[in-house]
Amino acid sequence: MSRDFMKIERIGHVYRNAGERVRDFREVEAPLTDKQLCDQAARCMGCGIPFCHGIGCPLGNLIPDFNEAVRQGQWRQAWELLSSTSSFPEFTSRVCPALCEGSCTEGLNLEPVMIRQIEKAIVEHAFENSWVKPAMPEKRLKRKVIIVGAGPAGLAAAVQLNKAGYQVTVYEKNHFPGGLLRYGIPDFKLDKAVVERRIRILEESGIRFETDTEVGRDVSAGYLRGRCDAMLIACGTPVPRDLKIPGRELEGIHFALEFLQGQNRANSGEASSVPVSAKGKRVLVIGGGDTGSDCVGTANRQGARSVMQIEIMPRPPETRSPSTPWPYWPYQLRTSSSHEEGCVRRWELQSKAFSGADGRVRGVEVIPVRWTLSPSGRPQKFEELPGQTETIEADLVLLALGFLKLDRKTMLERLKLEDAPEVFLAGDSATGPSLVVRAIVDGRKAAAQIDRYLSR
Ligand SMILES: Cc1cc2nc3c(=O)[nH]c(=O)nc-3n(C[C@H](O)[C@H](O)[C@H](O)COP(=O)(O)OP(=O)(O)OC[C@H]3O[C@@H](n4cnc5c(N)ncnc54)[C@H](O)[C@@H]3O)c2cc1C
């Protein structure tokens, strides 16, 4: 067991300077040197029972093993280990909240190992050295699989099925494959060249993409079903949660994804301008989660006059709540790089009505709420505090309240597709809104189920 964790501290800050990075859409993280990363990998204790691998990482990444390889400077070996479980480590190493780090044993008393950055360095070494190759099948089969949706779930399933020999075609309504990796997550978290680089490899491996094609509109799902042996629906969660309070019809109130997608399209040149701009505006983001945080970062980059993010839930504790003891993912306050760039954050506010002038939103009436907490500190129920209503002024309101989980029947109805044994669901379409890493795991599992079904 290495004792380096007693001598080496975790590197605290990994971002470019806030004043500089907020002026561009390039990735916010500054690269670390190989020496720094080898030292950070040496902090791994190589625990007898690695909770990071067994409980934290949904992919079951072999974390202590690749940490040890990196500690020794064996990047090629580290890559073999990482790629044995992970489909797209270049995505997860940029956007994953790093569930593994939440269950790192060192987190009990010290800062956890910097697993996410080590993963990123491994995959970037692999790309630089051309170790990332298309996963070709040993034998091409006659059977065809159609996948609807080119997000991380659909792409992960496509890789596995193609490797098993099936003829795979992915239908995607957008111009570029990638799903929310491409059109939701801002470039400052995930550069789109990273997505394009992977798509090229998938194409080289034989996976076909039919983009700009919405299944259920441009081509019927029933028609496609007749042309394949199995079909996988990986359409994500297309319906955002709305805030149906008085004044919702006012101009200047938009769903977060519309705002974020517009900026991503403008950055890539797919659109000449953004449909919703925060420039010079007082921006209010309703919803305190990660999508809301992405809106904060994007609004600041667009030149917002001010940015505020409000949330109905209480402010989480600064450190791990007793309700989520190690090795669980800690319930605690998280401050993103976007928050650091400038944002007022407020909690325990319930939105009651939008107010406006000349048809445009000018503010949101909010009322404070008080939460009752469980003995372990988890919020349980709330009551409004009457008589303390206030109006928060805003010219642009972004609704970042999550997405609705649709059941299988509704999902298939939307595609005008009948339920059938050869139709499978994966990713957010199956689980409800989740994480990139979970979508990848789910896509891999769906591919295994399809393979079993077609091999029966
Ligand atoms: C703004 C935002 C930021 C996020 N940030 C993070 C993050 O930092 N880290 C993280 O882990 N998770 C993040 N998430 C969650 C993560 O992006 C999703 O959980 C993940 O992308 C789900 O993958 P998926 O493949 O199931 O669906 P999606 O990524 O939604 O992909 C579904 C694809 O299906 C296509 N499609 C839908 N209907 C049709 C149709 N009828 N015909 C053809 N194509 C269709 C869509 O265009 C889309 O490309 C974020 C989500 C959002 C909204």
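Everything below is about the structure shown above.
In this report, the structure presented in the accompanying data block is examined. In this text, all values refer to a predicted model and were calculated from it rather than measured experimentally. (Residues numbered from 1 in each chain as written. Predicted model: local features only at pLDDT ≥ 70, side-chain atom pairs only at ≥ 80, totals over all residues. Heavy atoms only, no water.)

## Topic: empty space enclosed by the protein
- Summed over the entire model, instances satisfying the criterion amount to four cavities of 30 Å³ or more.
- Contributing to the lining of the largest cavity are 15 residues, with Cys57, Asn61, Cys96, Cys100 and Glu119 lying nearest its centre.
- Going through the elements one at a time, α4 (63-71), α7 (99-102) and α8 (115-128) are the ones with two or more residues in the lining of the largest cavity.
- Sort the elements by how many residues they give to the lining of the largest cavity and α8 lands first, with three residues.
- Each pocket or cavity is described by its volume, and for the second largest cavity that value is around 90 Å³.
- Those elements that place two or more of their residues in the lining of the second largest cavity are α3 (51-56) and α4.
- Looking at which element gives the most residues to the lining of the second largest cavity, the answer is α4, with three residues.
- Of the residues belonging to the lining of the second largest cavity, the class tally is eleven nonpolar, four polar and one charged. (1 Å grid on protein atoms, 1.4 Å probe; cavity = no way out; pocket = protein on both sides within 12 Å on 5 of 7 lines; lining within 4 Å. Points joined across faces, edges and corners; volume = space filled by probe spheres on them. Helix = DSSP H or I, 4+ residues; strand = E, 2+ residues; numbered from the N terminus. Nonpolar A, V, L, I, M, F, W, Y, C, P; charged D, E, K, R; others polar.)

## Describing the pattern of salt bridges
- This structure, assessed with the given rule, holds 38 salt bridges.
- Here Glu90 and Arg198 are joined by a salt bridge, their closest N and O atoms 2.6 Å apart. Residue Glu90 is located in helix α6 (residues 89-95), and its partner Arg198 is located in helix α11 (residues 192-204); the two are separated by 108 residues in the primary sequence.
- Judged by relative accessible area, which is 0%, Glu90 ranks as buried.
- Salt-bridge contacts for Glu341 lead to Arg301; the nearest nitrogen and oxygen are separated by 2.7 Å. Of this pair, Glu341 sits in the loop between α15 (337-340) and β8 (344-346) while Arg301 sits in helix α14 (residues 290-302), and the two are 40 residues apart along the sequence.
- With a relative accessible area of 13%, Glu341 lands in the buried category.
- A single salt-bridge network, built from bridges that share partners, covers Glu27, Glu29, Arg94, Arg116, Lys120, Glu124 and Arg197. (Salt bridge = Lys/Arg side-chain N within 4 Å of Asp/Glu carboxyl O. Buried < 20%, exposed > 50% of the residue type's maximum accessible area, 1.4 Å probe, protein only.)

## Quick word on the site of the ligand
- The local shell around the ligand holds 33 residues, among which Val95, Glu172, Val215, Asp428 and Val436 are the closest.
- Pro152 places a main-chain nitrogen or oxygen 3.2 Å from an oxygen atom of the ligand.
- Interatomic distance of 3.5 Å between a backbone N/O atom of Ala234 and an oxygen atom of the ligand.
- When the free accessible area of the ligand is taken as 1000 Å², the share hidden by the protein chains comes to 93%.
- For the shell around the ligand, the per-class residue count stands at 17 nonpolar, ten polar and six charged.
- Each of two domains, domain 2 (144-238 + 404-454) and domain 3 (253-399), supplies a minimum of three residues to the shell around the ligand. (Near = heavy atom within 4 Å. Polar contact = N/O pair within 3.5 Å; in protein donor to acceptor, adjacent residues only side chain to side chain. Areas by Shrake-Rupley, 256 points an atom, 1.4 Å probe, with all protein chains shown as cover. Domains from an automatic or database assignment.)

That's the geometry; what it means functionally is another story.
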